[in-house]
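# Close look at the chain arrangement
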Amino acid sequence: MKIDEKLIQDSYHLLIEHCNTLRVPEHVISMSNDYANGLWRVYFHDLLMKIPVDWHGKTVIDFGCKYGHLFPLLYSIGANKVIGVDIEDEYLKWGREVFLKLYRNAEFIKPEQVGYLPVQPDSADVVIMNEVISHINPMFLELAISEAARCLKAGGILFISDGNNLSYPGYKEKLLAFYEAWENGPDGIRTDRDVVEKCYLSRRKKIIEHKYPELEKDRIEYLAKNTSGLWGDYLLKTIDHYVASGELIRRPYRKGVCPTNPGSSGVVIEKSFYPQQVLYILMGYGFACHVVKAQPALSGNTPLHFAKYSVRLLQYYAKEIINRGWEMSASEGFQIVARKEH
């Protein structure tokens, strides 16, 4: 795909100028600067280049859009309409404030109830889920995929990219410490990928203390430790029942289980998948799909670059012949292209 890099770069510079005229949070401006300073290239080459579609005139749903920083890139390569979907009110608020004033044919929506999208059927050409399925509460994941299928036109593409691949050797063991940190802390602990400002155990304690400030600390601790995985209204009902009766069905954290944010959204933190799991779910909703293979890329035009590229290409095809499923475990992440058949 031939792109106008200047057009894309100018779009992000315009975004920065626009943000500077608004009272937006610093992290929105910081993210805008990251994209303008070259992050858009990463998303273009690692994501959009792998989606087999001519973007001109297309309607795109960015599922899990955050503030909408992919919008300028999508419009610059030809998209006619971009719909951003997220469940976090803060993201939607600032996304609308920033991007709806830059792009007339843009939209931000929040899923209704447990995940239904307020989008008409057969109305989108592409749905992008980048680093999204690992944060959707497992009880809603199939609904999200079903809704994506409903919204797509026949032949439309659902593209899933995620960095949590259980087929990758040793990845499960790597996740254990990360899950433990997010569930039990301590607050402020640094993991291999982020800083846990407030772990989910602490968040449950805060919810309990806010609702029952007179409750003894040992009971708060007991209740918080035994409501792991609960969130939203059900967590609040469980707290009420325990305070009123002293009865509790204990749900302590189990090692290796993906932690759940106890807030109203119930999002999870980096749920991991075998790519085959995702393929089977997609096929159940009318998709023909495959894992995108990470073929070697030519990094330069000198004879040495071509020689190294040729060796890597031979190794790539050798692996493919010896082990037909190797591409599913080729990296910590995986990417899937799914075409709607019916």
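Since the model is a prediction, treat every value here as computed from it, not as a measurement. (Residues numbered from 1 in each chain as written. Predicted model: local features only at pLDDT ≥ 70, side-chain atom pairs only at ≥ 80, totals over all residues. Heavy atoms only, no water.)

### Considerations on the pairing of strand β1 (residues 59-63)
Threshold: Only protein chains enter the accessibility calculation, which uses a 1.4 Å probe; a residue whose area is less than 20% of its type maximum is buried, one above 50% is exposed, and one in between is partly exposed. The secondary structure listing takes helices from DSSP runs of H or I that are at least 4 residues long and strands from runs of E that are at least 2 residues long, numbered from the N terminus. One requirement defines pairing of two strands: DSSP has to find at least two bridges between them. If you view a crossover with the strands going away from you and the path from the first strand over the helix to the second runs clockwise, you call it right-handed.
Among the 5 residues in β1, 5 count as buried, and that is most of the element. The side-chain alternation of β1 yields two buried faces, one formed by T59, I61 and F63 and the other by V60 and D62. Bridge count between β1 and strand β2 (residues 81-85): 5 bridges; the pairing is parallel. By the bridge assignment, V60 is partnered in β2 with V82. On the question of chirality, the crossover connecting β1 to the parallel β2 by way of helix α3 (residues 71-76) is right-handed.

### A short note on the packing of aromatic side chains
As a reminder of what qualifies: Pairs were defined over the aromatic rings of Phe, Tyr and Trp, the Trp ring being its six-membered one, requiring ring centres within 6.5 Å. Orientation was assigned from the angle between planes: stacked under 30 degrees, edge-to-face over 60, tilted for the rest.
Tallied over the full model, the rule gives 12 aromatic pairs. Measuring from centroid to centroid gives 5.7 Å for F71 and F99, while their planes differ by 45°, and the two rings are tilted. On the criterion of sequence distance, the pair formed by F71 in helix α3 and F99 in helix α4 (residues 89-99) is long-range, its members being 28 residues apart. Take F71: its relative accessible area is 0%, and that puts it in the buried class. Judged by its relative accessible area of 1%, F99 falls in the buried class. Residues F99 and F108 carry aromatic rings whose centres are separated by 6.5 Å and whose planes lie at 35° to one another, so their mutual orientation is tilted.

### Some thoughts on the packing of helix α1 (residues 5-20) against α4
A pair of packed helices can be characterised by two numbers: the angle between their axes and the separation between those axes. Stated precisely, the cut-off is as follows: Here the axes come from fitting lines to C-alpha atoms, over the contacting stretch only for helices, and the angles between their N-to-C directions go from 0 to 180 degrees. Comment on the angle field: the value is read as roughly parallel under 35 degrees, roughly antiparallel over 145, roughly perpendicular from 65 to 115, and oblique elsewhere. Residues count as neighbours in contact if any of their non-hydrogen atoms are within 4.5 Å of one another. Any residue outside Ala, Val, Leu, Ile, Met, Phe, Trp, Tyr, Cys, Pro, Asp, Glu, Lys and Arg is labelled polar, Gly included; the first ten of those are nonpolar and the last four are charged.
Axis separation between α1 and α4 bottoms out at 10 Å; the angle between their running directions is 110°. As the angle between them shows, α1 and α4 are arranged roughly perpendicular. On the side of α1, the interface is formed by L15, H18 and C19, while α4 contributes E97, V98 and F99. Residue composition of the contact of α1 with α4, by class: 4 nonpolar, 1 polar and 1 charged.

### Overview of the environment of E173
With respect to the helices, strands and loops of the structure, E173 is situated in helix α6 (residues 171-184). Using a relative accessible area of 55% as the deciding quantity, one classes E173 as exposed. Taking the C-alpha atoms as reference points, E173 and H241, separated by 68 residues in sequence, lie 37 Å from one another.

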